[in-house]
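Below are the chains, spelled out letter by letter.
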Amino acid sequence: MKTENFISIQQICTHYKIPKSFISALHDYELIEIFLVQNTACIDVTQIKNIEKMMRLHYELDINFEGMDAIFNLLKKVESLNNDIVELYNKLERFDS
């Protein structure tokens, strides 16, 4: 794994002014994955977008971690179903041609 694809939890917490306990709770609910890179706790930079969403849900809408877990599981399911629809639509288009 390349280290430039990771950002330390300390940097995330400093940049967004959030406590480390928030990131730990996200990890405990398996909403994010934490990696050890050179003995430093880090996250993959692709997770930043989801962390920002979860911050808004938690701090602006006062949604607890259980609620965020449910929301993100439902969003994953919706995305999966949308992918299935696109795939089926493409198959149907081939039959119509």
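Computed from a predicted structure; not experimentally measured. (Residues numbered from 1 in each chain as written. Predicted model: local features only at pLDDT ≥ 70, side-chain atom pairs only at ≥ 80, totals over all residues. Heavy atoms only, no water.)

A word on the nonpolar core. Counting residues in each nonpolar core, the largest one holds 20 residues, and the members touching the most others are Phe22, Ile23, Leu26, Ile43, Met54 and Met68. Taken together, the elements giving at least two residues each to this core come down to α1 (9-16), α2 (20-28), α3 (48-60) and α4 (65-96). At 5 residues, the largest contribution of residues to this core is made by α3. In contact with leucine 26, other than residues within four places in its own chain, are Leu31, Ile32, Ile51, Met54, Phe65 and Met68. (Core = buried A, V, L, I, M, F, W, Y, C linked by side-chain atoms within 4.5 Å. Buried < 20%, exposed > 50% of the residue type's maximum accessible area, 1.4 Å probe, protein only. Helix = DSSP H or I, 4+ residues; strand = E, 2+ residues; numbered from the N terminus. Contact = heavy atoms within 4.5 Å.)

For the rest of this paragraph, the subject is α3. Along its 13 residues, α3 runs 17 Å from first to last C-alpha, staying within 8% of the 18 Å computed at 1.5 Å per residue. Here α3 has its buried residues at Ile48, Ile51, Met54, Met55, Leu57 and His58. Check the buried side of α3 and you find it contacts β1 (6-8), α1, α2, β3 (40-44) and α4. Positive backbone phi, approximately 60°, marks aspartate 62, located one or two places after α3. (Expected span 1.5 Å × (residues − 1).)

We now examine the layout of surface pockets. It is the rolling of a water-molecule-sized probe over the atoms that shows where space remains empty. If you add up the space inside the largest pocket, you get close to 170 Å³. Considering the residues around the largest pocket, the lining is formed by Leu31, Asn50, Lys53, Met54, Phe72, Leu75, Lys76 and Glu79. Elements that contribute at least two residues to the lining of the largest pocket include exactly α3 and α4. Among the elements that take part in the lining of the largest pocket, α4 stands out by supplying 4 residues, more than any other. Among the residues forming the lining of the largest pocket, the class breakdown is 4 nonpolar, 1 polar and 3 charged. (1 Å grid on protein atoms, 1.4 Å probe; cavity = no way out; pocket = protein on both sides within 12 Å on 5 of 7 lines; lining within 4 Å. Points joined across faces, edges and corners; volume = space filled by probe spheres on them. Nonpolar A, V, L, I, M, F, W, Y, C, P; charged D, E, K, R; others polar.)

How two aromatic rings sit relative to each other is set out by the distance from centre to centre and by the angle between their planes. Here the structure, examined in full by the defined rule, presents 4 aromatic pairs. Arranged with centres 5.2 Å apart and planes meeting at 40°, the rings of phenylalanine 22 and tyrosine 59 form a pair that is tilted. Here tyrosine 59 lies in helix α3 and phenylalanine 22 lies in helix α2, a separation of 37 residues in the sequence. In this structure phenylalanine 22 comes out as buried when scored by relative accessible area, which is 2%. Among the residues examined, tyrosine 59 registers a relative accessible area of 43% and is labelled partly exposed. With a centroid separation of 5.9 Å and 10° between ring planes, the pair formed by tyrosine 29 and phenylalanine 65 is classed as stacked. With a gap of 36 residues between them, tyrosine 29 in the loop between α2 and β2 (35-37) and phenylalanine 65 in helix α4 connect regions that are remote in the sequence. Taken together, Phe22, Tyr29, Tyr59 and Phe65 form an aromatic cluster joined through their ring pairs. (Phe/Tyr/Trp six-rings, centres within 6.5 Å; stacked < 30°, edge-to-face > 60°.)

This brings us to α2. When α2 is considered as a whole, its buried residues turn out to be Phe22, Ile23, Ala25 and Leu26. Buried residues in α2, looked at end-on, bunch into an arc of 160°, giving them a common side. On its buried side, α2 packs onto α1, α3 and α4. Residue glutamate 30 follows α2 closely and has a positive phi angle near 60°. (Arc of directions from axis to C-beta.)

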